[in-house]
Amino acid sequence: MPAFSLDPPQTAWCADLRTLAAERLRPLAEKGEPGHVNRPLVAELGQLGLLKRLFTSGAVDLCLMRESLAYACTEAETALALQGLGAHPVHAYGTEAQRDRWLPQVVEGSAVAAFALSEPGAGSDAAALGLRAEPEEQGEGGRREAAREGAGSARTPDASLAAHSDGRTRWRLTGEKCWISNAPEADFYTVFARTTPGAGARGVTAFLVPADRPGLTGTGLDMLSPHPIGALTFDAVPVTADDVLGEPDRGFRVAMGTLNLFRPSVGAFAIGMAQAALDATLVHTARRDAFGGKLKDLQTVAHQVAEMALRTEAARLMVYAAATAYDEDAPDVPKRAAMAKLLATETAQYVVDTAVQLHGARALRRGHLLEHLYREVRAPRVYEGASEVQRGIIAKELYANMEAGQ
Ligand SMILES: Cc1cc2nc3c(=O)[nH]c(=O)nc-3n(C[C@H](O)[C@H](O)[C@H](O)COP(=O)(O)OP(=O)(O)OC[C@H]3O[C@@H](n4cnc5c(N)ncnc54)[C@H](O)[C@@H]3O)c2cc1C
C-alpha cells in the first residue's frame, strides 16, 4: 500500500459501501427492534457478500468496511463487526469440523455469533476470569444428561456431544458472562473459561458453545448502546474436546489474537462516525444564519471544524497504519492496535461532541443523526479494552522494547 493513502479501487469500494449502507441497510436497520439481534439485517450483510469478506480479506479491508458502513448505518456496521468478533476465533483457531459446521452460516448471515470474555468480576482484568471449566469423570456426563432429560428438559444434546462417549476430555462450564454483545440471542458463543485455577492468563481455554447446550441461559440488558447486549449463565454446561478452540489452557492467546485484529477496526468504526459528524457539521455551519452571516463565518466556529477534520484524519492514518501492520504480520501489532483504538475512539468522542455543540438544540432531538451518534460513540471507549487499558498496553510494549534494546 502506498504511504497511507487508499488506492482508486479501495476508494471506489468505500463509496459503494456507503451507498449500500444508506440505501439497502439503513431501511432494514430502522425496522429492527432496539436491543435485539436484527436477523434480516445480518442476512442482508450476508447477501451482499460483506460477511464473507470478514474471513477472506485482511485487517485493512475490515477497517474499510467498518468505517464506510459506520458512516451511513452504525447498526449494520456493528452487526457485521460482531459476526467477525464472535466467529474469528473459529476461523483462525477452529478445527475443520468446527469451521465447516459454523462458518458457512455465519457468512450467509443465518447464524449469529458472539464473543464471551467479560464477566461481572473480570472486565479490564480479563485474565482474572472465573467461569469454571471442570473436568468430568467418564460416565458422569451421560448420567447427568439422562437426569436432565428425565427432569423434562426440552433440549436434546447436539451431535458433537452425543458422539462423545469415548475417553476424551469433557468439562462442565459453570459461572457467568456479562455485557456480551448479541447475547442471549446468538446461535453460538466463543466462551473463555478457566481450566486451570490460579494460573491467570495461562489457565484459560476457549470453547465454541452452541446456544442450545443444556444449562446455558441468558437475559438481555437495557444499555445506552443500541445493539443487543446480554448476560449469560452457565449451569454445568457440557463441553468436550471437540468444542475447544485452539488448545486447552491457551485460550488467552485466542482472545488477544482476536482483539489485535479487532481493535484497529473499532477505531475504523469510530472514524466512520466522526466523519459523519464532521460532514453534517460542514453542511450545518455553512447554511445556518447567525449574526448577519453564516455560522462558518465566525472564526471560532471555522477553527473548530478545522480541528475536527485534523484530528479525524490523524486518527484515520493511525487506524490504517495499524491494520497494515497486522496484515504484514509486523512485530509491533499490539502497540499499534492499542494506539489506533485509543486515538480513534477518543477522537470520535471529541468530534461528535463538538458537532453536537455546533448544531445546537436540534442535535439533541431524538432521531437526529447526532443524537444517535452521541449515544453510539461512548461505548467503544470502554469495550475491547478501555482507553486506560490501551495506555497500559502501549507502555508495556515500550518498556519491553527498551529492555530488548530495540
Ligand atoms: C456496549 C458494550 C458491548 C460489549 N460487548 C462485549 C462483548 O461482546 N464481549 C465481551 O466479552 N465483553 C463485552 N463488553 C464488556 C467490555 O469489554 C468491558 O466493559 C470492558 O472490558 C471493561 O470492563 P468493566 O466494564 O468491567 O470495567 P472495569 O474493568 O471495572 O473498569 C472500569 C474502569 O476502570 C478503569 N480501569 C480499569 N482498568 C484499568 C487499568 N489497568 N488502568 C487504569 N484504569 C483502569 C477504566 O477507566 C475502566 O473503564 C461490552 C461492553 C459494552 C459497554
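Residues numbered from 1 in each chain as written. Predicted model: local features only at pLDDT ≥ 70, side-chain atom pairs only at ≥ 80, totals over all residues. Heavy atoms only, no water.

**As for the site of the ligand**
Now for step 1: Phe-115, Ser-118, Ser-124, Trp-179 and Ser-181 are the nearest of the 19 residues found near the ligand.
Now for step 2: Taking Ser-118, its side chain carries an N or O atom lying 2.7 Å from a nitrogen atom of the ligand.
Now for step 3: Within the backbone of Trp-179, an N or O atom sits 3.0 Å from a nitrogen atom of the ligand.
Now for step 4: Placement of the ligand is best described as lying within the largest pocket.
Now for step 5: Of all the secondary structure elements, the ones that give two or more residues to the shell around the ligand are strand E1 (113-116), strand E3 (170-181) and helix H13 (387-403).
Now for step 6: Counting residues per element, the shell around the ligand draws most heavily on E3, which supplies three residues.
Now for step 7: Here the shell around the ligand is composed, by residue class, of eleven nonpolar, six polar and two charged. (Near = heavy atom within 4 Å. Polar contact = N/O pair within 3.5 Å; in protein donor to acceptor, adjacent residues only side chain to side chain. 1 Å grid on protein atoms, 1.4 Å probe; cavity = no way out; pocket = protein on both sides within 12 Å on 5 of 7 lines; lining within 4 Å. Sits in = over half its atoms within 2 Å of the grid points. Helix = DSSP H or I, 4+ residues; strand = E, 2+ residues; numbered from the N terminus. Nonpolar A, V, L, I, M, F, W, Y, C, P; charged D, E, K, R; others polar.)

**Things to note about the nonpolar core**
Now for step 1: Formed by 106 residues in total, the largest nonpolar core has its most connected members in Leu-173, Tyr-189, Phe-192 and Phe-207.
Now for step 2: In terms of residue count, the dominant contributor to this core is helix H9 (residues 251-287) (15 residues). (Core = buried A, V, L, I, M, F, W, Y, C linked by side-chain atoms within 4.5 Å. Buried < 20%, exposed > 50% of the residue type's maximum accessible area, 1.4 Å probe, protein only.)

**A few points about the pairing of E1**
Now for step 1: Here E1 shows a buried face lined by Ala-113 and Phe-115 and a second buried face lined by Ala-114 and Ala-116.
Now for step 2: Pairing of E1 with strand E4 (residues 188-194), which is carried by four bridges, proceeds in the parallel orientation. Across the sheet, the residue bridging to Ala-114 is Tyr-189, located in E4. (Pairing = 2+ DSSP bridges.)

**Points about the layout of surface pockets**
Now for step 1: Reported here for the largest pocket is a volume of approximately 1300 Å³.
Now for step 2: Around the largest pocket, the lining is made up of 48 residues, and of these Leu-259, Arg-263, Tyr-383, Glu-384 and Gly-385 lie nearest the centre.
Now for step 3: Of all the secondary-structure elements, those providing two or more residues to the lining of the largest pocket are helix H5 (74-93), E1, E3, H9, helix H11 (333-359) and H13.
Now for step 4: Per element, the largest residue contribution to the lining of the largest pocket is seven residues, and it comes from H9.
Now for step 5: Within the lining of the largest pocket, the residues separate by chemical class into 28 nonpolar, ten polar and ten charged.
Now for step 6: Around the second largest pocket sit 44 residues that line it, and Ala-29, Pro-34, Glu-75, Pro-226 and His-372 are the ones nearest its centre.
Now for step 7: Of all the secondary structure elements, the ones that give two or more residues to the lining of the second largest pocket are helix H1 (8-31), helix H2 (39-47), helix H4 (59-72), H5 and helix H12 (369-376).
Now for step 8: Its residues assigned to classes, the lining of the second largest pocket comprises 21 nonpolar, 14 polar and nine charged. (Points joined across faces, edges and corners; volume = space filled by probe spheres on them.)

**Examining the packing of aromatic side chains**
Now for step 1: This structure, assessed with the given rule, holds three aromatic pairs.
Now for step 2: Sitting above the plane of the Tyr-71 ring, Arg-18 keeps its charged end 3.9 Å from the centroid.
Now for step 3: Over the ring of Trp-102 we find Arg-101; its NZ or CZ atom is 3.8 Å from the centre of that ring. (Phe/Tyr/Trp six-rings, centres within 6.5 Å; stacked < 30°, edge-to-face > 60°. Lys NZ or Arg CZ within 6 Å of the ring centre and 35° of its normal.)

**Comments concerning empty space enclosed by the protein**
Empty space among the atoms becomes apparent when a probe as large as a water molecule is rolled across them.
Now for step 1: Taken as a whole and judged by the stated rule, the model has one cavity of 30 Å³ or more.
Now for step 2: By volume, the largest cavity amounts to about 30 Å³.
Now for step 3: In terms of lining residues, the largest cavity is bounded by Leu-54, Phe-55, Leu-62, Gly-84, His-88, Leu-261 and Phe-262.
Now for step 4: Elements supplying a minimum of two residues to the lining of the largest cavity: helix H3 (50-56), H5 and H9.
Now for step 5: For the lining of the largest cavity, the class distribution of residues is five nonpolar, two polar and no charged.

**Some words on the domain arrangement of the protein chain**
Note: interface size is frequently given as the accessible area lost on complex formation between the parts.
Now for step 1: Assigned domains of the protein chain: these are domain 1 (8-108), domain 2 (113-249) and domain 3 (253-403).
Now for step 2: Facing 18 residues of domain 1, the contacting portion of domain 2 comprises 19 residues.
Now for step 3: A combined buried area of about 1600 Å² lies between domain 1 and domain 2, and 62% of that area is made up of carbon and sulfur atoms.
Now for step 4: The largest contributions to the domain 1 side of the interface with domain 2 come from Leu-82, Gln-98 and Trp-102, which together make up 32% of the buried area.
Now for step 5: The interface formed by domain 1 and domain 2 includes one salt bridge.
Now for step 6: Ionic pairing is found between Arg-39 and Asp-187, a salt bridge with its closest N-O pair at 3.0 Å.
Now for step 7: At the junction of domain 1 and domain 2, the tally comes to ten residue pairs in polar contact (both at pLDDT 80 or more). (Domains from an automatic or database assignment. Contact = heavy atoms within 4.5 Å. Buried area = accessible area lost by both parts, 1.4 Å probe. Salt bridge = Lys/Arg side-chain N within 4 Å of Asp/Glu carboxyl O.)

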